[in-house]
Amino acid sequence: QVQLVESGGGLVQAGGSLRLSCAASGSVGSINPMGWYRQPPGKQRELVAVITSGGGTNYADSVKGRFTISRDNAKNTVYLQMDSLKPEDIAVYYCNVRKSWLNYWGQGTQVTVSS
């Protein structure tokens, strides 16, 4: 089992920044990739960004150039730096890690952007 603990969500004005963190614990060997998804109000969960253990990244088009994903393999932690936030970024953000064929999810953290 892998446990994920997220932190860093909150309320920010449009144009502002937030940094999300997600620490993995438990059976963390070979977890790959690590990533972030989000679920806007009334919509389906969608990919935001993922990063492999080797540092390869993939971003949703809507966040390219504004969000940066990174990870600290020694700490089993993944980060999401969110800059130039827009009201359309409002969502519950979920950390996700994959271990073999299993997906693990964090509890979610709310990000709210005021216009």
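Relevant structure appears above.
All of these numbers come straight from a predicted model, not from anything done at the bench.

What counts, and where the lines are drawn
Within every chain, residues take consecutive numbers counted from 1 along the sequence as written. Confidence filtering applies because this is a predicted model: local features only for residues at pLDDT of at least 70, side-chain atom pairs given and counted only at 80 or more, and all residues used for totals across whole chains, interfaces and linings. Excluded from the side-chain calculation are hydrogens and water; included are all heavy atoms of the structure. Among buried residues, the Ala, Val, Leu, Ile, Met, Phe, Trp, Tyr and Cys ones that are joined through side-chain atoms within 4.5 Å form a nonpolar core. Only protein chains enter the calculation, and the probe is 1.4 Å; a residue is then buried if its accessible area is under 20% of its type maximum, exposed if over 50%, and partly exposed in between. A contact between two residues is defined here by any heavy atoms of the two lying within 4.5 Å. The aromatic pairing rule takes the rings of Phe, Tyr and Trp, using the six-membered ring of Trp, and pairs them if the centres are within 6.5 Å, calling planes under 30 degrees apart stacked, those over 60 edge-to-face and the rest tilted. Elements are defined by DSSP. Helices are runs of H or I of four residues or more, strands are runs of E of two residues or more, and each kind is numbered from the N terminus. Our definition puts a charge over a ring when NZ of Lys or CZ of Arg is within 6 Å of the ring centre and also within 35 degrees of the ring normal.

(A) Just the nonpolar core, in detail. By size, the foremost hydrophobic cluster in this structure holds 30 residues, and its most contacted members are W36, L80, M82 and Y93. Dropping the residues within four chain positions of it, L80 is found in contact with L18, R19, L20, W36, V48, A49, F67, T68, I69 and Y93.

(B) A look at the packing of aromatic side chains. In this structure the tally under the stated criterion is two aromatic pairs. Centre to centre, the rings of Y37 and W105 are 5.1 Å apart; their planes meet at 70°, and the pair counts as edge-to-face. In this pair, Y37 sits in strand β4 (residues 31-39) while W105 sits in strand β10 (residues 102-105), placing the two residues 68 residues apart along the sequence. An aromatic cluster of at least three residues, connected via ring pairs, comprises Y37, Y94 and W105. Residue placement shows R19 over the ring face of Y79; its charged tip is 4.1 Å from the ring centre. Looking at R45, its charged tip hangs above the ring of W105, at a distance of 4.5 Å from the centre.

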